[in-house]
Amino acid sequence: AAGFASGTIRVWRFDTKELYATFSGHRKAVGALEFNHDGSQLASGSRDTYIIVWDIVAQTGVFRLKGHKDEVTDLSFIGNP
């Protein structure tokens, strides 16, 4: 997965190297990405101060978390092995 200055995120399939999904939801550059332990969810953090949790299979946003006062630069799922 890769985050872009436009606020979009692109996810590629590892096995075929083909584009799997494009997510749009951030208003500024995406600077942090983290998959959960089984790869079914992706969390993204941005300069817009939001964290969005994406469902990779359904290709949709699940949660939009606010409350940060500055850009989000690192993420981690609790319990990731």
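Rules used throughout
Residues numbered from 1 in each chain as written. Predicted model: local features only at pLDDT ≥ 70, side-chain atom pairs only at ≥ 80, totals over all residues. Heavy atoms only, no water. Helix = DSSP H or I, 4+ residues; strand = E, 2+ residues; numbered from the N terminus. Polar contact = N/O pair within 3.5 Å; in protein donor to acceptor, adjacent residues only side chain to side chain. Core = buried A, V, L, I, M, F, W, Y, C linked by side-chain atoms within 4.5 Å. Buried < 20%, exposed > 50% of the residue type's maximum accessible area, 1.4 Å probe, protein only. Contact = heavy atoms within 4.5 Å. Pairing = 2+ DSSP bridges. Salt bridge = Lys/Arg side-chain N within 4 Å of Asp/Glu carboxyl O.

J.: Got a minute to help me understand the side chain of His 26 in this structure?
T.: Assignment of secondary structure puts His 26 in the loop between strand 3 (19-24) and strand 4 (30-35). Within the local environment of His 26, its side chain forms a polar contact with the side chain of Ser 44, the two groups lying 2.7 Å apart. Of note is the side chain of His 26, whose polar atom sits 3.2 Å from the side chain of Asp 48.

J.: So what exactly am I meant to see when it comes to the nonpolar core here?
T.: Grouped burial of nonpolar side chains is what soluble globular proteins tend to show. Ile 9, Val 11, Ala 21, Phe 23, Val 30, Leu 42, Ile 52, Trp 54 and Ile 56 form the largest nonpolar core, which has nine residues in total. Elements with a contribution of two residues or more to this core: strand 2 (8-12), strand 3 and strand 6 (51-55). In contact with Phe 23, not counting residues within four places along its chain, are Gly 7, Thr 8, Ile 9, Val 11, Trp 54, Asp 55, Ile 56, Gln 59 and Thr 60.

J.: What is the right way to read the sheet that holds strand 3 from this model?
T.: By way of backbone hydrogen bonds, the strands of a sheet pair with one another, either parallel or antiparallel. Within the open sheet, the three strands sit side by side as 1-2-3. Their pairing is antiparallel. Looking at strand neighbours, the two that pair on one side only are strand 1 (2-3) and strand 3, the edges of this open sheet. Sheet analysis places strand 1 next to strand 2, joined by two bridges and oriented antiparallel. Bridging across to strand 2, Gly 3 finds its partner in Ile 9.

J.: Would you explain the pattern of salt bridges in this entry?
T.: Opposite charge on two side chains permits pairing when their charged atoms draw close. What the rule picks out here adds up to two salt bridges. In this structure, Asp 15 and Arg 13 form a salt bridge, with 2.8 Å as the shortest nitrogen-oxygen distance. Judged by relative accessible area, which is 55%, Asp 15 ranks as exposed. Glu 71 serves as the salt-bridge partner of Arg 47, at 3.6 Å between the closest nitrogen and oxygen. Residue Arg 47 is located in the loop between strand 5 (41-46) and strand 6, and its partner Glu 71 is located in the segment after strand 7 (60-65); the two are separated by 24 residues in the primary sequence.

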